[in-house]
Amino acid sequence: MSTFKLRQPYKPAGDQPGAIAELTKSLKSGNRHQTLLGVTGSGKTFTMANVIANLGRPALVISHNKTLAAQLYQEFKTFFPKNSVHYFVSYYDYYQPEAYIPQTDTYIEKDARINEFIDTMRHATTASILTRNDFVVVASVSCIYGIGDPEEYKKAAFLIKKGTQITQRNFLRKLAELRYERNDFEQRPGLFKVKGEAIKFITPSADASIRIEWNGNTIESIYDESNESGLVSLNIFPAKHFVTPQEKLELALSNIETELKEKISKFKKDGKILEAERIKKKTEFDLKMIRETGYTHGIENYSRHLSFRKEGEPPSTLLDFMPKDTVIFMDESHMSVPQIRGMYAGDRARKQTLVEHGFRLPSAIDNRPLKFPEFDKKTGQIVYVSATPAEYELDLSKEKIVEQIIRPTGLLDPLIEVRRADDQMKDILKEIEKRIQKNQRTIITTLTKRMAEDLAEYLKERNIKAEYLHSNIKTLERPKILRDLRKGNYDAIVGINLLREGLDLPEVSLVIILDADKEGFLRNAQTLIQTIGRAARHTQGTVLMYADTTTKSMKFAISETARRRKIQEEFNKKNGVIPQPLNKEIGENIFGEFGEEKNNEIKNIAKRLSKKELEREMLKAAKELDFEKAAELRDLIKKI
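No experiment lies behind these values; they were computed from the predicted model shown. (Residues numbered from 1 in each chain as written. Predicted model: local features only at pLDDT ≥ 70, side-chain atom pairs only at ≥ 80, totals over all residues. Heavy atoms only, no water.)

Chemist: Hey, could you go over the overall build of the protein for me, with residue numbers and the actual values?
Modeler: Across its full length, the protein holds 21 helices and 25 strands. Against the globule reference of 26 Å for 640 residues, the protein gives a C-alpha radius of gyration of 27 Å, in line with a compact fold. In terms of its C-alpha atoms, the protein occupies a principal-axis envelope of roughly 80 × 65 × 65 Å. Within the protein, the proportion of its 640 residues that are buried is 53%. The contacts in the protein between residues at least 6 apart in sequence include a share of 76% that link residues at least 24 apart. Surface summary for the protein: the accessible area is close to 30100 Å², and the carbon and sulfur share equals 50%. Between the mean site of the 105 positive side-chain charges and the mean site of the 92 negative ones, the protein shows a separation of 2 Å. (Helix = DSSP H or I, 4+ residues; strand = E, 2+ residues; numbered from the N terminus. Rg over C-alpha atoms; globule rule 2.2 N^0.38 Å. Buried < 20%, exposed > 50% of the residue type's maximum accessible area, 1.4 Å probe, protein only. Contact = heavy atoms within 4.5 Å. Areas by Shrake-Rupley, 256 points an atom, 1.4 Å probe, with all protein chains shown as cover. Lys, Arg positive; Asp, Glu negative; His and termini not counted. Charge placed at Lys NZ, Arg CZ, Asp CG, Glu CD.)

Chemist: Could you give an account of the pairing of strand β3 (residues 84–88), naming the residues involved and the relevant values?
Modeler: For β3, the buried fraction is high: five of the five residues fall into the buried class. When β3 meets strand β8 (residues 135–139), the two strands line up parallel, connected through five bridges. Opposite tyrosine 87, over in β8, you have valine 138 as the bridge partner. (Pairing = 2+ DSSP bridges.)

Chemist: Hey, could you go over the packing of helix α1 (residues 16–28) against helix α2 (residues 44–55) for me, with residue numbers and the actual values?
Modeler: Put simply, α1 and α2 touch, their axes get as near as 9 Å, and they point 40° apart. Regarding the angle of α1 to α2, the classification is oblique. Pair α1 / α2 crosses with right-handed handedness. Listed contacts from α2 to Gln16, Ala19, Ile20, Leu23, Thr24, Leu27 and Lys28 of α1 are Phe46, Thr47, Asn50, Val51, Asn54 and Leu55. In terms of residue class, the contact of α1 with α2 is built from seven nonpolar, five polar and one charged. (Axes fitted to C-alpha atoms, helices over the stretch in contact; angles between N-to-C directions. Parallel < 35°, antiparallel > 145°, perpendicular 65-115°, else oblique. Left-handed = near helix turned anticlockwise from the far one by under 90°. Nonpolar A, V, L, I, M, F, W, Y, C, P; charged D, E, K, R; others polar.)

Chemist: Hey, could you go over the confidence of the model for the protein for me, with residue numbers and the actual values?
Modeler: When pLDDT is averaged along the protein, the result is 88, and 90% of the positions lie at 70 or above. No element of the protein has a lower mean pLDDT than helix α19 (residues 592–608), which averages 52, and none a higher one than strand β2 (residues 59–62), which averages 98. Between residues 593–598, whose pLDDT stays under 50, and residues either more than four places distant or in other chains, the model counts seven contacts. (pLDDT = per-residue confidence, 0-100.)

Chemist: Run through the packing of aromatic side chains, naming residues and quoting values.
Modeler: Per the counting criterion, the structure on display carries 14 aromatic pairs. On the numbers, 5.5 Å between centres and 40° between planes, the contact of tyrosine 73 with tyrosine 87 is tilted. Of the two residues, tyrosine 73 is situated in helix α3 (residues 66–79) and tyrosine 87 in strand β3; the sequence distance between them amounts to 14 residues. Pairing tyrosine 384 with tyrosine 392 gives two aromatic rings, centres 6.3 Å apart and planes at 80°, and the pair type is edge-to-face. Taking the relative accessible area as the measure of exposure, tyrosine 384 reaches 1% and is therefore buried. Its relative accessible area of 26% is what places tyrosine 392 among the partly exposed residues. Looking at lysine 174, its charged tip hangs above the ring of phenylalanine 158, at a distance of 5.6 Å from the centre. We note arginine 341 situated over the ring of tyrosine 392; from NZ or CZ to the ring centre the distance is 4.9 Å. (Phe/Tyr/Trp six-rings, centres within 6.5 Å; stacked < 30°, edge-to-face > 60°. Lys NZ or Arg CZ within 6 Å of the ring centre and 35° of its normal.)

Listed below in structure tokens is the structure:
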């Protein structure tokens, strides 16, 4: 019997029942590759959820962008409220990779800002994978990057029980080995504080606030303050994913020193004295920091040695944490597959330059994403999901291609009209105004970020509630913008390719494609079909393409949309189906608590600390470049 409890807000309809049955049969028969070719709005996510429930096996859903991943995460949480559903994406709000430009002798130091909330979600993911088998993980391409050895991570986990004999001092030493840090003022995941005979800490996954009390050298009680319940035992996972046991650390550092000596010797032999001195200073500083604190910035560049991998051996990734029977769903596979295929080459080129000029040891090259053949080797059965699957997926799936063209609601593919680009702004304003009168929404796609920002500003100046959406918008803010569009806080959203695949916006009745005739990645047939699909969730769905000529891609996209619309119309006529509007609840923001998290943190600090201590916290926040927190503390100090 399946361990997945599927909540079905509605019964499968349209092509869904057939697709669910065929995919379930194919996977149970052991076929490695299959494709779900489903039009926009046909309920592909619900089909996937039904297949997962039928199989009763854990699942990894890979999405090519964080915005779509967030939407999928929210949908799967709705379908599986009793099971474990997780969100695993890159935890960087901002990331500037380390690089060197030889032509101008410019070294760019790595600059990154980690989003702690997403980091806790990553830890919750790995903890769940290691302790349960009824999970669904929605991940971005981040799942092919190294996060540490799962075997070492499991071994490092520390099991304690009520009555365990261990001194508080030894327990604190163990927490330090697991990379927890002491902080008696702040409460954050990965920090602990000591108060008399008690130790308090928040788990890395932020799902429990633990208080442990001693009676002499015996653990007297383990209490979860977040759930107000006593625990008999607790498995404490490391605060960081990269873990090297203390007894192995010195050997790993010795191996790094050996590689360093070889590299210095090679540089000197080649007459590269500057490079030899550069790599010597940088590596020796890093080794000193690791020996003294267990950590250094850029420690991941030594991951090959710290995990005792051979040269060229792939890193451990989220895929290595997964059980062998995990089913992979490659959402929007026409985008996800090429993205995974291309990650290694770009990373390699940047690292090679750093190595050649003495900024990194050669082993740093093995801190990398997986090559595509390695990804293929680490995965089992895959379902490719797309409205426009590429030849790669279709060739692998062969006859295991399942079509889902009929929507459960009877909705048709949108009508398409091509209009000349002359005086397009006046026309766009008029069309948006029509939709505003009907309480409908509009999305507009441009070719560049600058164009998106300028157009959004132009619309605002004309009293249209507009906003732009592109990759510069922070991960946690993107779902909020889309929710605000659905709620009517915005009339229109202007974007680029973030408005293409998978976004579920049933209030959108009009999609405007600017520069539709500018043939290229953003205006090829596949992209146009995907963009057209954004209007397929509305009974009055319309697409306006502004162009001076009609390209081959435009012709194909228009004819393919017409073909699908004809099939849908014939089905509706034959079965007496009247297209129904999609009434989808606007769920709460999955990251809703995060915006209040910092405010609560500031309030808690204010209750505990004196004015002088608050000033120290303010200066500390500023030093750490957390200017938002520093400003809020400054405002609090003024009120005292």
